[in-house]
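What the coordinates show
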Amino acid sequence: MQFAAAASTATRYIRCVRELGLREPSREQGFGPGSARTLVRSNLRFFLALSFVALALRSAWVVWFPGVVDDSRFYANIAENWLRHGIYGVTNSGVIVPTLSRLPGYPVFLAAIFTLFGIGNFRAVLLVQVLFDLGTCYLIADLAWRLFSSERAAKAAFALAALCPFLANYAASALTETLEIFFTALALDLAVRGLGNGEATTTPARPRLIWLGSGLSVGAAILLRPDGGILLAALGGYLLWLLVRRMRSATSARAILWAGALLTLGALAPLIPWTLRNLHTLHRFEPLAPRYATDSDDVAMPGFNRWVKTWMADYVSVEEIYWKVPGDTLDSTLLPRRAFDSPQQMDQTRDLFAAYNNNHEMTRELDAGFAALAAERVHDAPLRYYLWLPAVRIADMCLRPRTELLPSDPRWWEFNDDHRWLAVSVAFGVVNLLYVALAATGLPRAHKFFGIGLFVLFLLLRSAFLGTLENPEPRYTLECYPVVIILAAALFHPRA
């Protein structure tokens, strides 16, 4: 009788885990409630020591290289107007104008910090971001533990995250990246838990709350940056793949559908107040933010942007050409050779530059001229526009030294920068290549673990999206770094 009762209990347990967690946990792999907490407790000195190093590294960036740039001040202006005047808007010629050019996630964060520590206190903002980034390190370690159930892999993941100079650099910059990376890691960690990795769950309510929490984390990422929606696409796509594989099992299919519904609800619900505000205040249906972060009275430049995409391949041109418009002088001598297909195109481009430089404004006529030039170039070389240049932009964002927030010369390969900053550029480039190489080497070992397909899908979708952008800024790939570190940590999993 006791054996029958135990067998019945085990059968109900496995059925419940299959329904709600989508995967049976294995005690041999170290799965079980509280196992991640046990990992930290059993290696307390290691985690405390590296936490101290991580905080020291990030605090050093805050002290010596605090990143408060034009975008930081723009976000702060929105937060200040919101706090003082109750208007979500920007100050334009002394008048506060409602805006929808930026999603409210980061202004809300700034407003909270400014309320506690004083308006304009960027030092407090950066120190709080340092704590968020430390939290990201622990989330990455938890992800490695749940995926690989290996103490060595989890500790390696934590070390790689804690010592990563790029995460530390942006933690000390008043930009959206640190919070975006945190919520990306949180959404993935909760999704892995929802898939049944690393935790034996016996109640129906808990896994459903986990999927809702993953969705809310995605929603937070979207409220910080519109491209946070790529995370929702990756999670939804992976669940769809699981659904197709398990259509024969009604129980599994029902669980996957529940997971997808709760994930979508959590991700999209936070956008409702923002969408309603835009409808009420600005009479526009805008659930995210405009493609080029413009308001209704800003000049759109579709022709110029398309022309840029016919030759843009690296970050240097973003600084030297793309960011100059509007408001600054364009220098045609800085254009690479690939910007022209013929002497006639070179003359047309220089004429357009000269016309723009007269008043540093992009008029409709000028934009139409760039549009005509872009159409000609796309017609003559469609593969270059739709395939080769996007691939080069992706490679540039992934592989170049991540020194855009430092005084380093972006043309580091010319080796004419100050020796100290040239050394920093080369060192950052080597470190970045090391992380990428470790991830590429770890992928073959990681592919056998359940759930790793979600991470690969996220990398592919985000890379494809980044290839469509005119401005290949390396910071846009930082959201991939939790995945890069997870794949690298797979190398530290003991071979069977």
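Residues numbered from 1 in each chain as written. Predicted model: local features only at pLDDT ≥ 70, side-chain atom pairs only at ≥ 80, totals over all residues. Heavy atoms only, no water.

One can expect most non-glycine residues to show negative phi and most peptide bonds to be in trans. Note that the residue after Val 325, namely Pro 326, is joined by a cis bond; omega there is -5°. On the secondary structure map, Pro 326 appears in the loop between α15 (315–320) and α16 (343–357). Phi angles above zero are rare outside glycine, and His 283 is one such case at about 55°. Inspection of the secondary structure puts His 283 in the loop between α13 (271–282) and α14 (302–309). You can call His 283 exposed: its relative accessible area is 67%. Not every positive phi belongs to a glycine, and Ala 293 is a case in point at roughly 55°. On the secondary structure map, Ala 293 appears in the loop between α13 and α14. (Helix = DSSP H or I, 4+ residues; strand = E, 2+ residues; numbered from the N terminus. Buried < 20%, exposed > 50% of the residue type's maximum accessible area, 1.4 Å probe, protein only.)

A water-sized probe rolled over the atoms picks out the places where empty space is left. Taken as a whole, the second largest pocket encloses approximately 430 Å³ of empty space. Lining the second largest pocket we find 19 residues, and of these Cys 398, Val 436, Leu 459, Ser 463 and Val 484 sit closest to its centre. Counting residues per element, the ones that place at least two in the lining of the second largest pocket are α18 (382–399), α19 (419–446), α20 (452–466) and α21 (481–489). Broken down by element, the residue count for the lining of the second largest pocket peaks at 6 residues, all from α20. Class assignment for the residues of the lining of the second largest pocket results in 16 nonpolar, 2 polar and 1 charged. (1 Å grid on protein atoms, 1.4 Å probe; cavity = no way out; pocket = protein on both sides within 12 Å on 5 of 7 lines; lining within 4 Å. Points joined across faces, edges and corners; volume = space filled by probe spheres on them. Nonpolar A, V, L, I, M, F, W, Y, C, P; charged D, E, K, R; others polar.)

This next bit is on the pairing of strand β2 (residues 95–98). As defined by bridge partners, strand β1 (residues 89–92) adjoins β2 across 4 bridges and the pair is classed as antiparallel. In the sheet register, Thr 91 faces β2, and the bridge partner there is Ile 96. Counting the residues between successive antiparallel strands, the hairpin from β1 to β2 contains 2 residues, one of them, Ser 93, with a positive phi of roughly 55°. (Pairing = 2+ DSSP bridges.)

It is worth spelling out a nonpolar patch on the surface at this point. On the surface, Ile 272, Leu 276, Leu 279 and Phe 285 cluster together into a nonpolar patch covering about 420 Å² of accessible area. Inspection of the secondary structure puts Leu 276 in helix α13. When its relative accessible area of 52% is taken as the criterion, Leu 276 is described as exposed. (Patch = residues over 30% accessible without salt bridge, like charges linked within 9 Å, V, L, I, M, F, W, Y side chains within 5 Å. Areas by Shrake-Rupley, 256 points an atom, 1.4 Å probe, with all protein chains shown as cover. Salt bridge = Lys/Arg side-chain N within 4 Å of Asp/Glu carboxyl O.)

Glancing now at the packing of helix α6 (residues 122–148) against helix α9 (residues 177–194). At their nearest, the axes of α6 and α9 sit 9 Å apart, and the two run at 25° to each other. The angle between α6 and α9 falls in the class roughly parallel. Crossing of α6 against α9: the hand is left-handed. Residues Gln 129, Phe 132, Asp 133, Gly 135, Thr 136, Leu 139, Asp 142, Leu 143, Arg 146 and Leu 147 of α6 touch α9, and the partners they reach there are Thr 178, Leu 179, Ile 181, Phe 182, Ala 185, Leu 186, Leu 188, Asp 189, Val 192 and Arg 193. Looking at side-chain class alone, the contact of α6 with α9 contains 11 nonpolar, 4 polar and 5 charged residues. (Axes fitted to C-alpha atoms, helices over the stretch in contact; angles between N-to-C directions. Parallel < 35°, antiparallel > 145°, perpendicular 65-115°, else oblique. Left-handed = near helix turned anticlockwise from the far one by under 90°. Contact = heavy atoms within 4.5 Å.)

Time to look at the pattern of salt bridges. Summed over the entire model, instances satisfying the criterion amount to 21 salt bridges. Across the pair Lys 324 and Asp 328 runs a salt bridge, and its minimum N-O distance is 3.6 Å. With a relative accessible area of 25%, Lys 324 lands in the partly exposed category. Accessibility expressed as a relative area gives 35% for Asp 328, which makes it partly exposed. One salt bridge in this structure joins Asp 418 and Arg 420, with 3.2 Å as the shortest N-O distance. Owing to a relative accessible area of 36%, Asp 418 belongs among the partly exposed residues under this scheme. Linked through salt bridges whose partners overlap, the residues forming this network are Glu 177, Arg 225, Asp 227, Arg 462, Glu 473, Arg 475 and Glu 479.

Its 21 residues place the ends of helix α3 (residues 44–64) 30 Å apart at the C-alpha level, agreeing with the 30 Å of an ideal helix rising 1.5 Å per residue. Buried within α3 are the following residues: Phe 47, Leu 50, Ser 51, Ala 54, Arg 58, Trp 61 and Val 62. Viewed end-on, α3 has its buried residues packed into an arc of 120°, placing them on one side of the element. Residues of α3 that are exposed and point over 90 degrees away from its buried face: Arg 45, Leu 48, Phe 52, Val 63 and Trp 64. (Expected span 1.5 Å × (residues − 1). Arc of directions from axis to C-beta.)

Here we take up the packing of aromatic side chains. All chains considered together, the criterion is met by 32 aromatic pairs. Relative to Phe 428, the ring of Phe 166 lies with its centre 5.5 Å away and its plane at 80°, an arrangement referred to as edge-to-face. Here Phe 428 lies in helix α19 and Phe 166 lies in helix α8 (residues 165–171), a separation of 262 residues in the sequence. In this structure, Phe 166 and Phe 428 share a single accessibility class: buried. Residues Trp 412 and Trp 413 carry aromatic rings whose centres are separated by 6.2 Å and whose planes lie at 90° to one another, so their mutual orientation is edge-to-face. You can call Trp 412 partly exposed: its relative accessible area is 25%. (Phe/Tyr/Trp six-rings, centres within 6.5 Å; stacked < 30°, edge-to-face > 60°.)

Take the confidence of the model for the protein chain next. Keep in mind that low pLDDT regions are not for reading the predicted coordinates in detail. Per-residue pLDDT for the protein chain has a mean of 89; in total, 89% of the residues score no lower than 70. Predicted confidence for residues 1–7 stays below pLDDT 50, and this span has 0 contacts to residues more than four positions away or in other chains. Contacts for the low-pLDDT stretch residues 9–21, under 50 throughout, to residues beyond four places or in other chains number 28 contacts. (pLDDT = per-residue confidence, 0-100.)

Attention now moves to the side chain of Arg 225. Mapping Arg 225 onto the fold places it in the loop between α10 (205–224) and α11 (229–245). Residue classification places Arg 225 among the buried positions, given a relative accessible area of 13%. The contacts of Arg 225, once residues within four sequence positions are left out, are Leu 103, Thr 176, Glu 177, Glu 180, Arg 475, Tyr 476 and Glu 479.

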